[in-house]
Amino acid sequence: MTRIAVIGAGAIGGTAAAWLAQNEALDVALCVRTPIQSLHVETPSGPLSPRVTVWSSPAEARSVDWVLIATKAYDSEAAASWLPMLMAPSTCVAILQNGVEHRARVQGLVEDDRVVPAIVDIPAERNAPGRIHQRRTGSIFVADDQAGRAFVSLFAHTPIAVATTPDLRTAAWRKLAVNCAGAVNALTLQPGGISRNDDVAELMRGLIRECIAVGRAEGADLPDGLADDVVAGYRAGPADSVNSLLADRLAGRPMEIDARNGVIVRLGTRHGIATPLNAMAATLLRAVSPGGNKSTVPVPRPG
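Cut-offs used in this document
- Residues numbered from 1 in each chain as written.
- Predicted model: local features only at pLDDT ≥ 70, side-chain atom pairs only at ≥ 80, totals over all residues.
- Heavy atoms only, no water.
- Helix = DSSP H or I, 4+ residues; strand = E, 2+ residues; numbered from the N terminus.
- Buried < 20%, exposed > 50% of the residue type's maximum accessible area, 1.4 Å probe, protein only.
- Contact = heavy atoms within 4.5 Å.
- UniProt positions renumbered as here; feature names shortened; annotations may be inferred.
- Salt bridge = Lys/Arg side-chain N within 4 Å of Asp/Glu carboxyl O.
- Expected span 1.5 Å × (residues − 1).
- Bend = angle between axes of the 7 residues up to and from the residue.

S.K.: Before we move on, could you go through the environment of Arg103 and cite the residues and values that matter?
M.R.: Tracing the sequence through the fold places Arg103 in the loop between strand 7 (92-95) and strand 8 (115-117). Relative accessible area serves as the criterion here: at 32%, Arg103 is assigned to the partly exposed category. Ignoring any residue separated from it by four or fewer positions in sequence, one finds Arg103 in contact with Asp112, Val115 and Pro117.

Encoded structure:
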């Protein structure tokens, strides 16, 4: 029996836990701040209502073979508080979060060869505690190394396309190109259909072009046509789709501003690349966020 702990029962954590629990050879636990009575996920293949263990305090947890961190990026420090109880000498930790700084969030807490940065593209929305709507099967990409291949095997029984990639850096920046454009939804309080407005679409392309410039400086292989491709994907998607940034703003929760737009500004500054559109988006989002100054803060280092 392989033991798995999923930290965070939001859209991604809940969806991953529900699919993993379909395999009787996997023992799945959810680590949450607020207890949930049950987990129910509406998926493209039908509803899932798995039986999973729920731990609401690190004191309840026990060591596992795999930890999947699926909290918001700015909650990485809180997620790390679970690790002392969950970690065994051979435990691997997968980071299912937005952004391009996955390893930094557990640096000093987990040996590098046991960390699996995961680039997740699973359109899903949390409608209520323990209630999730998965709109599309989606995908997860991880590095092509021993830990990454072991992670892929966990999902072999699921329809989610989980695979290794020889260039995880590029995969992460491609995902960031999608995420940074989603700032327009949170700023306008409008779902995906707003991208069909030509002026809005051009603004989204501008955000993405800044991301491309910084990503290339960081070593990602991003094509010139990526901005057009990303916007075309938004425009072809459901008009009522709600990305996580918009969902958080509508619910009055803090937003992942730093991991989606602020990081482009920070790294752009390091490389001397101007990113005025992402800077404006991050500034305005912080101004309306209840956790306005929250950012992707690396967890404290031992010593």
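S.K.: I'd like to hear about the UniProt feature "domain: Ketopantoate reductase C-terminal" (unreviewed entry) in the chain, residue by residue, with values.
M.R.: Mapped onto the present numbering, the UniProt feature "domain: Ketopantoate reductase C-terminal" (unreviewed entry) falls at residues 167-288. A distance of 36 Å separates the end C-alpha atoms of residues 167-288, which is 70% helix and 0% strand.

S.K.: Just give me the short version of the pattern of salt bridges, but keep the residues and values in it.
M.R.: If you walk through the whole model with that rule in mind, you get 20 salt bridges. Note that Lys72 and Asp248 form a salt bridge whose closest N and O atoms lie 3.0 Å from each other. Note that Lys72 is positioned in the loop between strand 6 (66-69) and helix 2 (76-80) and Asp248 in helix 9 (residues 244-250), a separation of 176 residues in sequence. What makes Lys72 partly exposed here is its relative accessible area of 23%. On the accessibility criterion, Asp248 (2% relative accessible area) is buried. The closest approach of N and O atoms between Arg270 and Glu218, which form a salt bridge, is 3.8 Å. Of this pair, Arg270 sits in helix 10 (residues 257-271) while Glu218 is found in the loop between helix 7 (198-217) and helix 8 (226-236), placing the two residues 52 residues apart along the sequence. What emerges from the salt-bridge pattern is a single network uniting Glu101, Asp258, Arg266 and Arg286.

S.K.: Break down helix 10 for me, citing the residues and quoting the values.
M.R.: Look at helix 10: 20 Å from first C-alpha to last across 15 residues, which is about the 21 Å you get at 1.5 Å a residue. Where helix 10 bends most, the angle comes to about 40°, and this point is Val263. Within the sequence span of helix 10, burial applies to Ile257, Asp258, Ala259, Arg260, Asn261, Gly262, Val263, Ile264, Leu267 and Gly268. Buried residues along helix 10 sit against helix 5 (168-181), helix 6 (183-188), helix 7, helix 9 and helix 11 (276-288).

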